[in-house]
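What follows is the residue order along each chain.
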Amino acid sequence: MAINASTGEVFSGYGRPSQFEHKVTYGVKSIPEAAREVNVLREVDVCVVGGGPGGIAAAVSAARGGAKTLLIERYGHLGGMSTGGLVNIIPNLGDTYGRQAIGGFCQELIDRLAARNGATYPEKKYWGSTDKDEVQKYVDANMMHFYIRRNRDGERVTLYTAVIDPEIAKDEMNTMVLESGAELLLHCWVTEPIMEGNQVKGVMVETKAGRQAVLAKIVIDCTGDGDLLPKVPEETVDYMPEGSRIAQFGWIYWIANVDIDAYFAFKREKPEEMKAVIKTIMEAGGSPHFSPGLLKNQHGVVWVHRLIGSLHQTEPEEMTYIDVSARKRAVRNWELLKQYMPGFEKSFIMLSNPQLGTSGGRRLVGEYWLTEADMDSDTPFPDTIAIFADNDRGVKSLDHPRTYVPYRALVPKGTEGFLVACRAFSADHDFSEYFNLIPHCMCFGQAAGHAAAIALQDGVSVRDIDFSKLRAQLLKYGAILPEA
Ligand SMILES: Cc1cc2nc3c(=O)[nH]c(=O)nc-3n(C[C@H](O)[C@H](O)[C@H](O)COP(=O)(O)OP(=O)(O)OC[C@H]3O[C@@H](n4cnc5c(N)ncnc54)[C@H](O)[C@@H]3O)c2cc1C
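Now for a look at the structure at hand. (Residues numbered from 1 in each chain as written. Predicted model: local features only at pLDDT ≥ 70, side-chain atom pairs only at ≥ 80, totals over all residues.)

1. Observations regarding the overall build of the protein chain
If you tally the helices and strands in the protein chain, you get 13 helices and 23 strands. Over its C-alpha atoms the protein chain spans a radius of gyration of 23 Å, differing by no more than 12% from the 23 Å that the globule rule assigns to 484 residues. Taking the principal axes of the C-alpha coordinates as reference, the protein chain spans close to 70 × 55 × 40 Å. Put simply, the protein chain has 484 residues, and 48% of those count as buried. (Helix = DSSP H or I, 4+ residues; strand = E, 2+ residues; numbered from the N terminus. Rg over C-alpha atoms; globule rule 2.2 N^0.38 Å. Buried ≥ 20, exposed ≤ 12 C-beta atoms within 10 Å, placed from the backbone.)

2. Here's the deal with the pairing of strand E4 (residues 69-72)
Here E4 shows no split at all, with Thr-69 and Leu-71 on one side and Leu-70 and Ile-72 on the other all buried. Relative to E4, strand E3 (residues 39-49) is paired through four bridges, and the arrangement is parallel. By the bridge assignment for E4, Val-46 is matched with Thr-69. (Pairing = 2+ DSSP bridges.)

3. Some points on the site of the ligand
Surrounding the ligand, one finds 37 residues, the nearest of these being Gly-50, Gly-52, Gly-80, Gly-224 and Gly-250. Elements with a contribution of two residues or more to the shell around the ligand: helix H1 (53-64), strand E5 (89-90), strand E11 (189-196), strand E19 (357-358) and helix H12 (438-458). Counted by class, the shell around the ligand contains 18 nonpolar, 15 polar and four charged residues. Both of domain 1 (41-121 + 160-242 + 362-476) and domain 2 (248-358) provide at least three residues apiece to the shell around the ligand. (Near = placed C-beta within 6 Å. Nonpolar A, V, L, I, M, F, W, Y, C, P; charged D, E, K, R; others polar. Domains from an automatic or database assignment.)

4. Digging into helix H7 (residues 271-283)
Taking 1.5 Å of rise per residue, 13 residues should cover 18 Å, and H7 covers 18 Å from first to last C-alpha, within 8% of that figure. Little of H7 sits inside the fold, with zero of its 13 residues counted as buried. Of the residues one or two after H7, Gly-285 is the one with positive phi, at around 95°. (Expected span 1.5 Å × (residues − 1).)

5. Description of the nonpolar core
Within the largest apolar cluster, 132 residues are counted, with the highest numbers of intra-cluster contacts made by Cys-47, Ile-220, Leu-410, Leu-419, Ala-447, Ala-451 and Ala-452. When residues in this core are grouped by element, the largest group, 13 residues, is from H12. Counting contributing residues per domain, this core is built from domain 1 (41-121 + 160-242 + 362-476) and domain 2 (248-358), each supplying no fewer than three. If we skip the residues at most four places from it in the chain, Cys-47 touches Leu-70, Ile-72, Gly-202, Val-203, Val-214, Ala-216 and Val-219. (Core = buried A, V, L, I, M, F, W, Y, C linked by C-beta atoms within 7 Å. Contact = placed C-beta atoms within 7 Å.)

6. Some details on the sheet that holds strand E9 (residues 162-164)
Across the sheet, which stays open at both edges, the three strands sit in the order E5-E9-E6 with antiparallel pairing between neighbours. Of all the strands in the sheet, just E5 and strand E6 (119-120) have a single pairing partner and so form its edges. By the bridge criterion, two bridges tie E6 to E9 in an arrangement that is antiparallel. Across the sheet, Ala-119 pairs through a bridge with Ile-164, a residue of E9.

That is the geometry; function is a separate question.
Printed below as a string of structure tokens:
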């Protein structure tokens, strides 16, 4: 692999900078792996793999349900993309009509963060409101995609969306997990499920202390990428259409010490000169697009989100290629902003995403397979675990503002002792395109955690739980569900 030092373009060895030209080479040759005895690190009721939005909700909920629960995370912090990916915007908590759709664990986390000045969102009176000043706030913040939609009269309305402070969130998520009684193991990579026939019995982990085993009665895959799925290939898909939202990596960084007032004054008072600055930056290969951060006490911090198309989001060669080239481009872009954009003269890059942003990977083919037809349906399922606000499909969203998700979308068809509660839930690419975001994964996690605890208490398979008990637990912990 070679990097052009002046442009940041990465040549993969095939001579072209496009990631779609980059060929993944591993798998050409194989060798046998010797069988060996491994140490059993823990024996638990429920093992949750991955401490992202789905995983923290699953671990807390399983522990609250009385299960001896272990949460395993590969990095040194919780939150997954919502913290380490610097994707700290929690959108679609309510619909264009102002009705809250998602409560439960997600709302509990937001409330706890808000109490620590670590979350901010529009006041309730503005949800679904056409108030022009409120709308303008999000237009100025370049956050229309997350906060603003049009109602049936074509007017702009504000949505219920929250932003969270990733550092306070990491601390609060640790607290929530430990307070629930779940045990936490960081710095452990889970590599595969331990299977006996079609029954999952635990997972293998790679750690600094070597390869070890964790035995569990139920395993919940919250890796985001469905890392435990390849062992059950008939229950797995990874199709994503090129150019779709889920076929993208994200590389995000924050620039601090920006004189944002000077920037806005220049933009307002000298529009022609601003156009010239933008042209200069773009002609030099940069991008002038950023969002002035919405977090309190972060005046002068801007967020830059760069999206990079990829159909191989679990391939280390592709991930390396994207990380190296995106970093090179980010630094070059900041240099151009610093040189040409008023307000950026004393700025610096304060942080780039500690974890590469993946939005699609493997997905479960479960007992229920969600498709576009489910977005167009207005009928709840008998086992509905969550209501999602459908805000991203234009007129269709106005016609069908609520989408329902059944518990069966977390349950594999044949594998036992196993649930999936992350963006790898059972859905086709169309459904995933809209509904695999942070709040959605928290809903999956909350349902899976409670379901696992109920299954263990009643001595039944996760696929045979008494749904009325799961519904009661979800309601007890604040979930918003359709009328029974
Ligand atoms: C560029 C980009 C922008 C996005 N913007 C938004 C946004 O603004 N708002 C929004 O709501 N969503 C956004 N998303 C989507 C959202 O971030 C994810 O869909 C969501 O985080 C999924 O949650 P999750 O729990 O399934 O997975 P993740 O957040 O990926 O968490 C998975 C966790 O599991 C851990 N893990 C993974 N594999 C293993 C393993 N083998 N062993 C141990 N631990 C493991 C990871 O380290 C991580 O902590 C964005 C995604 C991208 C790529």
